[in-house]
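Fold and geometry: a report
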Amino acid sequence: MPGLGSFLKKQRFNAAFYSGVHDPIKQRIFFAPARWHAKALNEKWAEVERRALDTLLSCVAPPERAEPASRAASRDTTLARAKHTLTFAFYSKLAVPIFRAAGVAQNLWVHREAIIPRLRQVARGDPAVVRWVNWRIRQLAYRLMGRTLYEPRPPRPGR
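What this report covers is the structure whose coordinates are included nearby. (Residues numbered from 1 in each chain as written. Predicted model: local features only at pLDDT ≥ 70, side-chain atom pairs only at ≥ 80, totals over all residues. Heavy atoms only, no water.)

Looking at the packing of helix H5 (residues 112-124) against helix H6 (residues 127-145)
- The N-to-C vectors of H5 and H6 enclose an angle of 125°; their axes lie 8 Å apart at closest approach. In terms of axis orientation, H5 runs oblique to H6. Between H5 and H6 lies a crossing whose hand is left-handed. Where H5 approaches H6, its residues Arg118, Gln121 and Val122 are matched on the opposing element by Val129, Val130, Trp132 and Val133.
- Grouping the amino acids of the contact of H5 with H6 by side-chain chemistry returns five nonpolar, one polar and one charged. (Axes fitted to C-alpha atoms, helices over the stretch in contact; angles between N-to-C directions. Helix = DSSP H or I, 4+ residues; strand = E, 2+ residues; numbered from the N terminus. Parallel < 35°, antiparallel > 145°, perpendicular 65-115°, else oblique. Left-handed = near helix turned anticlockwise from the far one by under 90°. Contact = heavy atoms within 4.5 Å. Nonpolar A, V, L, I, M, F, W, Y, C, P; charged D, E, K, R; others polar.)

Here it is as structure tokens:
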């Protein structure tokens, strides 16, 4: 599926950018161009900077106080913010939950042979198994929501 790898990389960068790892100063610095070159600057730099900014804007929206890389970028910032908001709203509300659900479905499929015996143990009222199954269901529900369950894993009961 062409584009899926690119989307996933952008989604990971987006998650890292807004995770709190990058403070507001670092977020603004991402939008300031840095030119690393050995030869004299020429007309190709404008195109390289435009492509770099387009790539960055396809992942994250510039902070409100970010200085645009150029006047042309300044004109495009409002449109880029709107495009970014719509794109990531679509993907985060539709595509990402589908991938999460597929991951949970895969997990259920991999452990399908253990599920029925566990449910029988729950039906018999085994408290250790009930505690384990409750924790496991919460863990999968958190995964569907894109969160991490920080509750400690109970001891795995015997079969």
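Still more ground to cover, so stick around.
Quick notes on H5
- Within the sequence span of H5, burial applies to Ala114, Arg118 and Gln121. Down the axis, H5 shows its buried residues gathered within 55° of arc, on one side only. The exposed residues of H5 that point more than 90 degrees off its buried face are Arg120 and Ala123.
- Elements that come into contact with the buried residues of H5 comprise H6.
- Looking one or two places after H5, you find Gly125, whose phi comes out positive at around 90°. (Buried < 20%, exposed > 50% of the residue type's maximum accessible area, 1.4 Å probe, protein only. Arc of directions from axis to C-beta.)

Quick look at the pattern of salt bridges
- Counting across every chain of the model gives four salt bridges.
- Residues Arg50 and Asp54 are paired through a salt bridge, measuring 2.5 Å at the closest nitrogen-oxygen approach. Residue Arg50 and its partner Asp54 are located together in helix H3 (residues 44-57), separated by four residues, close to a single helical turn.
- A salt bridge links Arg138 to Glu151; its shortest N-O distance comes to 2.3 Å. You can see Arg138 sitting in helix H6 and its partner Glu151 sitting in the segment after H6, a full 13 residues away along the chain.
- Judged by relative accessible area, Arg138 falls into the partly exposed class, the value being 31%.
- Here the salt bridges share partners, and the residues they tie into one network are Glu47, Arg50 and Asp54. (Salt bridge = Lys/Arg side-chain N within 4 Å of Asp/Glu carboxyl O.)

Topic: the packing of aromatic side chains
- Throughout the structure, instances matching the rule amount to five aromatic pairs.
- Judged by centre distance (5.5 Å) and plane angle (75°), the ring pair of Phe13 and Phe30 falls under edge-to-face. Of this pair, Phe13 sits in helix H1 (residues 4-17) while Phe30 sits in the loop between helix H2 (24-29) and H3, placing them 17 residues apart in sequence.
- Among the residues examined, Phe30 registers a relative accessible area of 34% and is labelled partly exposed.
- Here the aromatic residues Phe13, Phe17, Phe30 and Phe31 are joined through ring pairs into a cluster of three or more.
- Directly above the aromatic system of Trp109 lies the positively charged group of Arg112, at a separation of 3.9 Å from the ring centroid. (Phe/Tyr/Trp six-rings, centres within 6.5 Å; stacked < 30°, edge-to-face > 60°. Lys NZ or Arg CZ within 6 Å of the ring centre and 35° of its normal.)

Re the layout of surface pockets
- Put simply, the largest pocket is a space of about 420 Å³.
- For the largest pocket, the lining is made up of 15 residues, of which His111, Ile115, Arg118, Trp132 and Arg136 are closest to its centre.
- Secondary structure elements with two or more residues in the lining of the largest pocket: helix H4 (71-110), H5 and H6.
- Broken down by element, the residue count for the lining of the largest pocket peaks at five residues, all from H6. (1 Å grid on protein atoms, 1.4 Å probe; cavity = no way out; pocket = protein on both sides within 12 Å on 5 of 7 lines; lining within 4 Å. Points joined across faces, edges and corners; volume = space filled by probe spheres on them.)

Geometry only, nothing functional implied.
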